[in-house]
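Secondary and tertiary structure notes
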Amino acid sequence: MSRAQIIGLAALGSLLVLGSAYGFQYIGGYLPCAMCLWQRWPHVIAIALGAVGLALPHIALAAAGALAMAANTGLAVFHTGVERGWWEGPSTCAGSAAQDLSVMTGADLLDFSTGPQIVLCDEAALHILGLSMASWNAVACAALALLWLTAIRRPAPRHS
C-alpha cells in the first residue's frame with residue numbers, strides 16, 4: 001500500500017469511530033459526557049488530515065495524524081481510568097461534583113420535560129464485551145496511531 005492509501009485508511013478508521021459515536025448518541029440515545037466530546041476532536045483532525053493526505057501524502061501529515069491518535073489514546077485511557085475509579089477526573093463532569101441547588105427554582109427542580117442534561121464522566125453509559133466506549137476508543141486510537149506511523153515509514157512515491 002502507498003502512503004496515501006494508508007493515510008486514507010487511517011482517516012476512514014477515524015470516520016468510522018466518529019460515526020459510531022454519533023450513532024450511539026442520536027440513534028442509541030447514549031448522551032456523551034464532556035470527556036467523550038473531547039475525544040471526538042482528534043478524530044475530526046485525523047479525518048481532515050486524511051482528506052489532505054490523499055492528495056499530498058507528505059510525511060508531516062502522517063506524523064500529525066499519528067500525534068492526534070496518540071493524544072486521543074491517552075485521553076481515552078485517562079477517561080477509562082476515571083470511569084473505573086483509578087483516578088479522579090475533571091471536577092466539572094464527575095459524580096462528586098454537586099450541582100448548586102441554591103440557584104435553581106422550584107420549577108427548575110420539577111421540570112422533567114427536557115430529560116437528563118448532565119452526563120457524568122465517571123459513569124460508563126455502556127459496556128461492550130466488558131469495555132466502556134472510552135476503552136474501545138482507546139483501543140481504536142492506538143490501532144489508528146500505528147496505522148499513521150506505518151504511513152510515516154512508507155517511502156514517498158517516486159516522480160518520473
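Residues numbered from 1 in each chain as written. Predicted model: local features only at pLDDT ≥ 70, side-chain atom pairs only at ≥ 80, totals over all residues. Heavy atoms only, no water.

With that out of the way, let us pick up the overall build of the chain. A count of helices and strands for the chain gives six helices and two strands. A buried classification covers 32% of the 160 residues belonging to the chain. When contacts within the chain are restricted to residue pairs at least 6 apart in sequence, those whose partners lie at least 24 apart make up 81%. When the accessible area of the chain is evaluated, it comes to approximately 9,600 Å², of which 69% is carbon and sulfur surface. (Helix = DSSP H or I, 4+ residues; strand = E, 2+ residues; numbered from the N terminus. Buried < 20%, exposed > 50% of the residue type's maximum accessible area, 1.4 Å probe, protein only. Contact = heavy atoms within 4.5 Å. Areas by Shrake-Rupley, 256 points an atom, 1.4 Å probe, with all protein chains shown as cover.)

Here we come to unusual backbone geometry. The phi angle at Leu 129 is positive, at roughly 55°, despite the residue not being glycine. If you trace the backbone, Leu 129 turns up in the loop between strand S1 (127-128) and strand S2 (131-132).

Moving on: the nonpolar core. Core analysis: the biggest nonpolar cluster contains 15 residues, and Ile 7, Ala 46, Leu 49, Ala 62, Met 69, Trp 148 and Ala 151 have the highest contact counts within it. Of all the secondary structure elements, the ones that give two or more residues to this core are helix H1 (3-26), helix H3 (40-55), helix H4 (59-84) and helix H6 (133-153). If near-sequence neighbours (up to four positions away) are discounted, Leu 49 is found in contact with Ile 7, Leu 61, Ala 64, Gly 65 and Trp 148. Grouped together as the second largest cluster of nonpolar side chains are five residues, Met 35, Val 82, Cys 93 and Cys 121 included. (Core = buried A, V, L, I, M, F, W, Y, C linked by side-chain atoms within 4.5 Å.)

The space that makes up the largest pocket amounts to roughly 490 Å³. In this structure, the largest pocket is lined by 26 residues; those nearest its centre are Ala 21, Cys 36, Met 133, Ala 134 and Asn 137. Those elements that provide at least two residues to the lining of the largest pocket are H1, H3, H4 and H6. (1 Å grid on protein atoms, 1.4 Å probe; cavity = no way out; pocket = protein on both sides within 12 Å on 5 of 7 lines; lining within 4 Å. Points joined across faces, edges and corners; volume = space filled by probe spheres on them.)

Right, let's talk about the packing of H1 against H3 for a bit. Here H1 crosses H3 at 145°, and the two axes come no closer than 8 Å. Crossing geometry of H1 relative to H3 is assigned as left-handed. Packed against H1, whose contacting residues are Ala 4, Ile 7, Gly 8, Ala 11, Ser 14, Leu 15, Val 17, Leu 18, Ala 21, Tyr 22 and Gln 25, the element H3 presents Arg 40, His 43, Val 44, Ala 46, Ile 47, Leu 49, Gly 50, Gly 53 and Leu 54 at the interface. Considered class by class, the residues forming the contact of H1 with H3 number 13 nonpolar, six polar and one charged. (Axes fitted to C-alpha atoms, helices over the stretch in contact; angles between N-to-C directions. Left-handed = near helix turned anticlockwise from the far one by under 90°. Nonpolar A, V, L, I, M, F, W, Y, C, P; charged D, E, K, R; others polar.)

The topology assignment puts His 79 in helix H4. When its relative accessible area of 1% is taken as the criterion, His 79 is described as buried. The spatial distance from the C-alpha of His 79 to the C-alpha of Gly 89 is 7.4 Å, given a sequence separation of 10 residues.

Once that is clear, we can look at the side chain of Arg 3. As for its placement among the helices and strands, Arg 3 is situated in helix H1. Despite being buried, Arg 3 has no salt bridge partner; Glu 83 is the closest side chain of opposite charge, sitting 34 Å away. A distance of 3.2 Å separates the side chain of Arg 3 from the backbone oxygen of Pro 57, its partner in a polar contact. (Lys, Arg positive; Asp, Glu negative; His and termini not counted. Salt bridge = Lys/Arg side-chain N within 4 Å of Asp/Glu carboxyl O. Polar contact = N/O pair within 3.5 Å; in protein donor to acceptor, adjacent residues only side chain to side chain.)

Going through the model one piece at a time under the given rule, you end up with four aromatic pairs. On the numbers, 6.1 Å between centres and 10° between planes, the contact of Tyr 22 with Tyr 26 is stacked. Taken together, the residues Tyr 22 and Tyr 26, both in helix H1 and four residues apart, mark about one turn of the helix. You can call Tyr 22 partly exposed: its relative accessible area is 36%. Between Trp 86 and Trp 87 the ring centres are 5.9 Å apart and the planes differ by 70°, which places this aromatic pair in the edge-to-face class. The class of Trp 87 is partly exposed, set by a relative accessible area of 38%. In textbook terms, an aromatic cluster arises when at least three aromatic residues are bridged by ring pairs, as seen for Phe 78, Trp 86 and Trp 87. The ring of Tyr 22 has Arg 40 sitting right over it, with the charged end atom 4.5 Å from the ring centre. (Phe/Tyr/Trp six-rings, centres within 6.5 Å; stacked < 30°, edge-to-face > 60°. Lys NZ or Arg CZ within 6 Å of the ring centre and 35° of its normal.)

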